[in-house]
Amino acid sequence: MMNEEYCKSIGFMCGLEIHQRIDSKEKLFCNCSTHSISDDEVPVGSVYRYQRAVSGETGKIDIAAKIEEQKKKRYVYNIFKNNSCLVDIDEEPPHDMNREALQTALEIASSFNMIIFNELEPMRKEVVDGSNTSAFQRTTMLGLNGYITVNNHKVNITSMMIEEESAGIVSNSENTSIYNTDRLGIPLVEIDTDPYIRTPSEAKDVALYIGTLLRITGKVQRGIGTIRQDVNVSIKGGSRVEIKGFQDLANMDKYIENEVIRQQNLLKIKEELQQRNFIFKFGEIIDLSPIFKNTKSSLISKALSKNEVILGVKISSFKDYLGKEVNPNRRLGSEVSDYAKLAGVNGIIHADEDLIGKYHFSDDEIKNIKTALSIDDKDSFIIVAAEKQKAENAINFAISRIRNLSKLIPLETRATYDSNLFTTRFMRPIAGGSRMYPETDSKPILITDEMKQEAELMKPNLESAINELRDAIKDETMVKKLLLSPKYQLYKEISASIEIDKKMIADILMQKFTEMRREGIDVDSINDTTIKYAFELYKDGELTKKGIVQLLKIISKESKDADKAELSKIISNNKLKKLNKEELLKIVKEFKEKDEKNILSAIMKDYNIVVEADELKELIDTNKDIKFTN
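Just so you know, these numbers come straight off a predicted model, no measurement behind them. (Residues numbered from 1 in each chain as written. Predicted model: local features only at pLDDT ≥ 70, side-chain atom pairs only at ≥ 80, totals over all residues. Heavy atoms only, no water.)

**Some words on empty space enclosed by the protein**
Now for step 1: Overall, the coordinates contain one cavity of 30 Å³ or more when judged by the stated rule.
Now for step 2: Of the pockets and cavities examined, the largest cavity occupies roughly 100 Å³.
Now for step 3: Classifying every residue of the lining of the largest cavity by side-chain character gives four nonpolar, four polar and four charged. (1 Å grid on protein atoms, 1.4 Å probe; cavity = no way out; pocket = protein on both sides within 12 Å on 5 of 7 lines; lining within 4 Å. Points joined across faces, edges and corners; volume = space filled by probe spheres on them. Nonpolar A, V, L, I, M, F, W, Y, C, P; charged D, E, K, R; others polar.)

Right, dumping it as structure tokens:
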């Protein structure tokens with residue numbers, strides 16, 4: 001684990017970008033529903049787009065956008081009846097910004113102690129991965145210069161935006177990507193910290209704090225994909241790298257630590273090359289296809305069967321470098337291969353790999369490659385199998401990455417790659433300010449004093465929520481689990497409106513629900529209002545604690561949205577009704593007549609669903625004519 005002292009010594013810098021969907025009824029700039037489509041819903045149509053890079057307000061074209069344009073990839077966008085409209089496919093101007101989403105965003109900004117602007121200016125931000133039909137995302141700066149306190153350390157929240165969610169990826173191939181537009185345009189907040197988070201573990205703590213604070217608002221969406229954390233990391237001598245798409249915070253610190261190690265290993269390679277005064281020299285790109293006429297390599301033969309070519313290039317005096325490890329199971333060749341993939345190829349083959357064992361090259365093929373490329377004992381080479389133009393582009397991308405090895409660590413956007421080894425892979429050059437320009441179809445949005453005052457009044461406070469739960473539940477582990485649970489808002493509703501033991505509410509919503517899930521019971525599909533009715537019936541004396549659980553098991557299969565009257569009927573039909581004092585006393589006397597030695601255990605064995613053990617014990621203890629043995 002990298003502690004604060006070590007991180008300080010290597011010039012560690014780290015900041016977060018957290019993206020969270022707001023749970024509004026409608027999208028940010030249209031009236032389409034934000035509810036997810038069903039798994040079997042069929043699109044009513046599709047539109048097609050190709051990427052074209054344009055200049056931002058600075059007059060420059062973003063490098064990431066330019067590279068995507070060069071791929072000449074086709075993007076398909078599926079349209080759905082209730083979740084898509086002309087705004088989503090960029091055929092109609094945006095409507096006014098959704099006020100429900102805006103007010104929620106203001107409340108979140110207030111919780112971060114931010115300076116909120118009096119006038120908001122919608123902007124367009126180029127989207128380079130094809131996830132938007134217009135190739136831009138509408139984004140609006142909401143506030144600046146906020147802060148939170150985590151681990152007794154002030155973490156600055158530099159900015160917060162309200163923006164549109166991207167389209168959801170359905171499939172991705174070499175030439176075509178398909179997206180669904182149902183989530184396109186859902187309101188989203190982006191929360192950015194400064195780069196002075198002190199350690200990888202603290203980055204995880206900060207992300208957890210912000211995520212928990214967002215959840216306790218009860219106004220953000222829950223589930224996989226509704227919140228995403230991106231991490232910016234650099235060290236002294238290295239460069240800022242953005243790692244995108246964390247869904248699970250559990251191993252965020254391990255990914256960050258491996259990014260530090262990756263940059264350290266690249267710096268070692270850079271220093272070694274500089275000490276050698278290394279000058280990169282590359283041979284001509286040679287067509288090696290004739291060498292593999294009778295190859296037993298399935299990868300090569302497959303390419304040749306599609307009339308593709310096998311191109312290779314010599315790298316002078318570079319033997320063994322591509323095989324140097326930069327991360328667990330990731331070598332310098334892996335880094336170079338990721339750049340080659342920008343051309344739409346599957347990767348590269350290089351001299352430091354096991355060409356015989358991995359690719360089934362023959363000794364003669366390897367010998368002929370070296371002859372064709374003029375390779376001596378100190379040289380290296382790379383090979384690409386693809387359609388000719390793509391193969392040439394791939395080699396040129398690879399060469400450009402290799403040339404930079406003695407100069408710098410490039411600014412990159414990287415994706416989580418191996419969830420067991422916690423490594424990342426290159427996606428594209430990091431996007432810059434050149435991709436921002438004004439949204440000319442949306443007018444400025446005025447933020448009134450009344451809107452700010454309401455946001456201040458309604459803002460979530462994580463410390464208060466924690467202290468309130470501690471006082472009510474008196475179980476630190478349960479407090480932490482409940483705050484992170486989708487059932488937290490339901491707990492708040494039940495505990496605020498029904499005067500019953502709060503710890504019991506938490507226990508059922510957390511522990512008992514978990515046990516039922518393990519039994520294969522679909523309790524999460526039960527309507528929250530129905531669950532609340534079950535607790536009301538407990539308060540009315542209709543159910544025991546165990547009776548609540550038994551009732552939930554039954555309605556999970558039959559009546560997931562039952563009202564209170566329906567629940568009472570289910571209780572009666574399934575003999576779940578709690579015994580009253582007179583009925584219980586009668587049973588106690590019956591067991592006494594049987595000369596039971598342990599009345600409590602005997603009765604609970606037969607009546608545990610409809611009797612509370614503590615009430616039974618009290619009843620026995622207060623009836624002097626009954627001798628009770630525990």
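**Thoughts on the sheet that holds strand β10 (residues 176-180)**
Now for step 1: Here four strands make up an open sheet; going across it, the order is β2-β3-β10-β9 and the pairing mixed. Looking at strand neighbours, the two that pair on one side only are β2 (45-50) and β9 (168-172), the edges of this open sheet. Between one strand axis and the next, the sheet turns by 25 degrees as a mean value, whatever way the strands run.
Now for step 2: Examined bridge by bridge, β9 and β10 share four bridges and lie antiparallel to one another. Residue pairing for β10: Ser171 is matched across the bridge by Ile178. (Pairing = 2+ DSSP bridges. Helix = DSSP H or I, 4+ residues; strand = E, 2+ residues; numbered from the N terminus. Axes fitted to C-alpha atoms, helices over the stretch in contact; angles between N-to-C directions.)

**Observations regarding unusual backbone geometry**
Now for step 1: Phi at Asn113 is positive, roughly 60 degrees, even though this residue is not glycine.
Now for step 2: Inspection of the secondary structure assignment puts Asn113 in the loop between α3 (99-111) and β4 (115-116).
Now for step 3: Residue Asn113 is classed as partly exposed on the basis of its relative accessible area of 33%.
Now for step 4: The phi angle at Asn329 is positive, at roughly 60 degrees, despite the residue not being glycine.
Now for step 5: Along the chain, Asn329 turns up in the loop between β16 (325-327) and β17 (330-331). (Buried < 20%, exposed > 50% of the residue type's maximum accessible area, 1.4 Å probe, protein only.)

**A short note on helix α7 (residues 332-340)**
Now for step 1: Extensive coverage of α7 is indicated by the burial of eight of its nine residues.
Now for step 2: Among the residues of α7, Leu332, Gly333, Glu335, Val336, Ser337, Asp338, Tyr339 and Ala340 are the ones counted as buried.

**A word on the environment of Thr295**
Now for step 1: Within the element layout of this structure, Thr295 appears in the loop between β14 (286-287) and α6 (298-305).
Now for step 2: The exposure class of Thr295 is buried, given its relative accessible area of 14%.
Now for step 3: Spatially, the C-alpha atom of Thr295 lies 42 Å from that of Ser239, the residues being 56 residues apart in sequence.
Now for step 4: The residues touching Thr295, leaving out its near neighbours within four places in the chain, are Ile300, Ser301 and Glu365.
Now for step 5: Separated by 3.0 Å, the side chains of Thr295 and Glu365 make a polar contact. (Contact = heavy atoms within 4.5 Å. Polar contact = N/O pair within 3.5 Å; in protein donor to acceptor, adjacent residues only side chain to side chain.)

**A few points about the pairing of β10**
Walk down a regular strand and you will see the side chains alternate between the two sheet faces.
Now for step 1: Burial runs high along β10: four of the five residues are buried.
Now for step 2: The pairing of strand β3 (residues 74-79) with β10 spans five bridges and is classified as parallel. Paired with Val76 across the bridge in β10 is Ile178.
Now for step 3: Between β9 and the antiparallel strand that follows it, β10, lie three residues.

**What about the sheet that holds strand β15 (residues 309-315)?**
Now for step 1: As summarised here, the arrangement of the four strands in space is β14-β15-β19-β18, forming an open sheet in which the pairing is antiparallel. Looking at which strands have only one partner, the edges of the open sheet turn out to be β14 and β18 (349-350).
Now for step 2: Alignment of β14 against β15, held across two bridges, turns out to be antiparallel. Bridged to Ile286 within β15 is Gly312.

**So, the packing of helix α13 (residues 488-497) against helix α15 (residues 528-539)**
Now for step 1: The N-to-C vectors of α13 and α15 enclose an angle of 35 degrees; their axes lie 10 Å apart at closest approach. Note on packing geometry: the crossing formed by α13 with α15 is right-handed. Contacts between α13 and α15 pair Leu490, Glu493, Ile494 and Ser497 from the former with Asp528, Ile531, Lys532 and Phe535 from the latter.
Now for step 2: Looking at side-chain class alone, the contact of α13 with α15 contains four nonpolar, one polar and three charged residues. (Left-handed = near helix turned anticlockwise from the far one by under 90°.)

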